[in-house]
Amino acid sequence: MNVPHTDVVVVGAGVVGLSVAWRAARRGYTVTVADPAPGSGASHAAAGMLAPVSEVTYTEEPLLRLGLASLARWPAFAAELSGEAGVEVDYRTEGTLDVAFGSDDLAALGELADFMEKLALPVDRLTGRECRRAEPMLAPSVRGGVLASGDAWVDPRRVTAALLAALSRQGVTLVTDRVRGLAVEGDVVRGVRLARGGRVSADRVVLAAGAWSGSLDGVPPEVLPPVRPVKGQIMRLRGDPGFLGRCVRGVVHGSHVYMVPRGDGEIVLGATQEEMGFDTRVTAGGLWELLRDARELVPGVTELEVTDVFAGLRPGTPDNLPLIGRTALEGLLLATGHHRGGVLLCPLTADFIAGELAGEPAQDLGGAAAGPPVAAICSPLRFGPGRAISDPHRWKKEERGPSPGLRPGSPAPEAR
Ligand SMILES: Cc1cc2nc3c(=O)[nH]c(=O)nc-3n(C[C@H](O)[C@H](O)[C@H](O)COP(=O)(O)OP(=O)(O)OC[C@H]3O[C@@H](n4cnc5c(N)ncnc54)[C@H](O)[C@@H]3O)c2cc1C
């Protein structure tokens, strides 16, 4: 299949690739998106929490700053997307309640609240009684909590559906085929080669293939994104609307568990975090752990109907930060490696890539999140000087060898 020349081809139609394609098309670029199964990856698994505050950790302040900057873009992103696509994305802003049980849990949560306050994050400490007043389904044993009222959430499956509808309105071409590799002429990317034959010729390629981003043929080893799959199992349950009024999370038996309510009564219960390679099997043990822990938090959860179970692969990176921006290979940009936060980070990622396509100066994060610009935090070039191409011809020699871009144990998406 040969597709007419396009300004930009986006590899991967998860929330990240679709958001990039949408923002690029709105700027007037001709865009093609290639994916054998749009919306079927991690974006189909995601709970949709937009929760940079309640997910803050002591070592990840740059990620917090990215998350806050992207969260600030979500209201306009959701409104514009819903308006253009005619699909509501269930954007909700009632915040996250993080709760603790034993005295050790409570002390740890108190220390985290100290850290959040030091960073000037808007949080309120609640007693056990105040937690139950806010969320009557919580277990009587809850000792206290921290309410992050600025956190929000969306339904990622609706976001994907809305983006696909918006792309269709923008005239974006969707090719339902796997990209086998890059088409390179000289030292410049000229498009992509498709698995079923043919190519899409383009001025720029944006690689947004999630956990599979490191598996494309013909990408120089120096440029290949260091992305690995991090498995997450998740369940969807159905109760009465209002079963929970906001996202509820806690640490039970040492593992994190959360519940995310949707407007229609759905409760998303997640998630495991497993280093299992490209394994997307849903296991009895994974589901059992989720239910066991959730029951401690909200005993009534076991009464709910199970409507869906799923396992997705988060695109993890060595430093848990995404890879967004230009690579050392002319014409190739990355929008990948979003790990646990791709839904949260898609507005920021899409705006940043659209700015890069237009050659605009790199944006600062602005406001309370001021500090190093996005380009510095997310640069695909940051993994050491060895990752820059010192000899641009070196990789072309390697390309003739046995599939240098393929890593062992990384099946193509249709083999999932
Ligand atoms: C259980 C779970 C819960 C999560 N909860 C949250 C949450 O609450 N909030 C949040 O912000 N994030 C969450 N995440 C993380 C989030 O889902 C990811 O960061 C995000 O979906 C990544 O989006 P993506 O578009 O990069 O990748 P994906 O959604 O994985 O999309 C990649 C796409 O690329 C396609 N593809 C692969 N190879 C090729 C190829 N060669 N050619 C063409 N196409 C290809 C695939 O078919 C797929 O459609 C969660 C993840 C999991 C697993």
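Quick caveat, the model's predicted, so the values are computed rather than measured.

Colleague: When you look at the nonpolar core in this model, what are you seeing that I'm missing?
Modeller: The biggest cluster of nonpolar side chains holds 129 residues, and the ones touching the most others in it are Val11, Ala21 and Val206. In terms of domain composition, this core takes at least three residues from each of domain 1 (3-43 + 158-227 + 319-415) and domain 2 (94-150 + 229-316). Residue contacts for Val206: discarding those within four places in its chain leaves Val8, Val10, Val11, Val20, Leu333, Ala335 and Ile353.

Colleague: When you look at the pairing of strand β10 (residues 188-194) in this model, what are you seeing that I'm missing?
Modeller: Working note: regular strand, side chains alternate between the two faces of the sheet. Sheet topology places strand β9 (residues 179-185) next to β10; six bridges connect them, and they run antiparallel. Counted as the bridge partner of Leu182 is Val192 from β10. Between β9 and the antiparallel strand that follows it, β10, lie two residues; Gly186 among them carries a positive phi value of about 60°. Note: β10 against strand β11 (residues 199-207), three bridges, orientation antiparallel. In the strand pairing of β11, Gly191 is matched with Ser201. In this structure, the hairpin formed by β10 and β11 is closed by a connection of four residues, where Gly197 is found at a positive phi of approximately 105°.

Colleague: Would you mind showing me how to read helix α7 (residues 284-297) here?
Modeller: Think of an α-helix as 3.6 residues a turn; residues three or four steps apart then line up on the same face. When the terminal C-alpha atoms of α7 are compared, their 20 Å separation across 14 residues agrees well with the 20 Å that a helix rising 1.5 Å per residue should span. For α7, the complete set of buried residues consists of Gly286, Leu290, Asp293, Ala294 and Leu297. Down the axis of α7, the buried set is contained in an arc of 100°. They therefore lie on one face. Turned more than 90 degrees from where α7 packs its buried face, Ala284, Gly285 and Trp288 sit exposed. For α7, the elements touching its buried residues are β4 (96-100), β12 (228-238), β13 (247-252), β14 (255-261) and β15 (266-270).

Colleague: Got a minute to help me understand the site of the ligand in this structure?
Modeller: Within the structure, the ligand sits among 45 residues, and Gly14, Gly41, Gly210, Gly232 and Gly342 are positioned closest to it. When contributions to the shell around the ligand are tallied by element, the ones reaching two or more residues are α1 (15-26), α2 (42-45), β12, β16 (305-316) and α8 (342-357). Taken together, the residues of the shell around the ligand break down into 25 nonpolar, 16 polar and four charged. Mapped onto the domain boundaries, the shell around the ligand takes at least three residues apiece from domain 1 (3-43 + 158-227 + 319-415) and domain 2 (94-150 + 229-316).

Colleague: Just to check I follow, could you spell out helix α4 (residues 103-118) for this structure?
Modeller: The end-to-end C-alpha distance of α4, which contains 16 residues, comes to 22 Å, matching closely the 22 Å that a straight helix rising 1.5 Å per residue would cover. The set of residues buried in α4 consists of Leu109, Ala113 and Met116. Take α4 and look down its axis: the buried residues cluster within an arc of 60°, on one side only. Across α4 from its buried face, at more than 90 degrees, point the exposed residues Ser103, Asp104, Ala107, Glu111, Asp114 and Lys118. Against the buried residues of α4 lie β4, β5 (124-127) and β6 (144-148). Remark: Ala120 follows α4 within two positions and exhibits a positive phi of approximately 60°.

Colleague: Looking at this structure, I do not really get unusual backbone geometry. What am I missing?
Modeller: The linkage connecting Gly270 with the following residue, Ala271, adopts the cis geometry, with an omega of -20°. Here Ala271 shows up in the loop between β15 and α7. In this model, Ala120 sits at a positive phi of 60°, which is unusual for a non-glycine residue. Checked against the element boundaries, Ala120 lands in the loop between α4 and β5. You can call Ala120 exposed: it has 7 C-beta atoms within 10 Å. In this structure, His339 takes a positive phi of about 45° despite not being glycine. Along the chain, the position of His339 falls in the loop between β18 (332-336) and α8.

Conventions we followed
Residues numbered from 1 in each chain as written. Predicted model: local features only at pLDDT ≥ 70, side-chain atom pairs only at ≥ 80, totals over all residues. Core = buried A, V, L, I, M, F, W, Y, C linked by C-beta atoms within 7 Å. Buried ≥ 20, exposed ≤ 12 C-beta atoms within 10 Å, placed from the backbone. Domains from an automatic or database assignment. Contact = placed C-beta atoms within 7 Å. Pairing = 2+ DSSP bridges. Helix = DSSP H or I, 4+ residues; strand = E, 2+ residues; numbered from the N terminus. Expected span 1.5 Å × (residues − 1). Arc of directions from axis to C-beta. Near = placed C-beta within 6 Å. Nonpolar A, V, L, I, M, F, W, Y, C, P; charged D, E, K, R; others polar.

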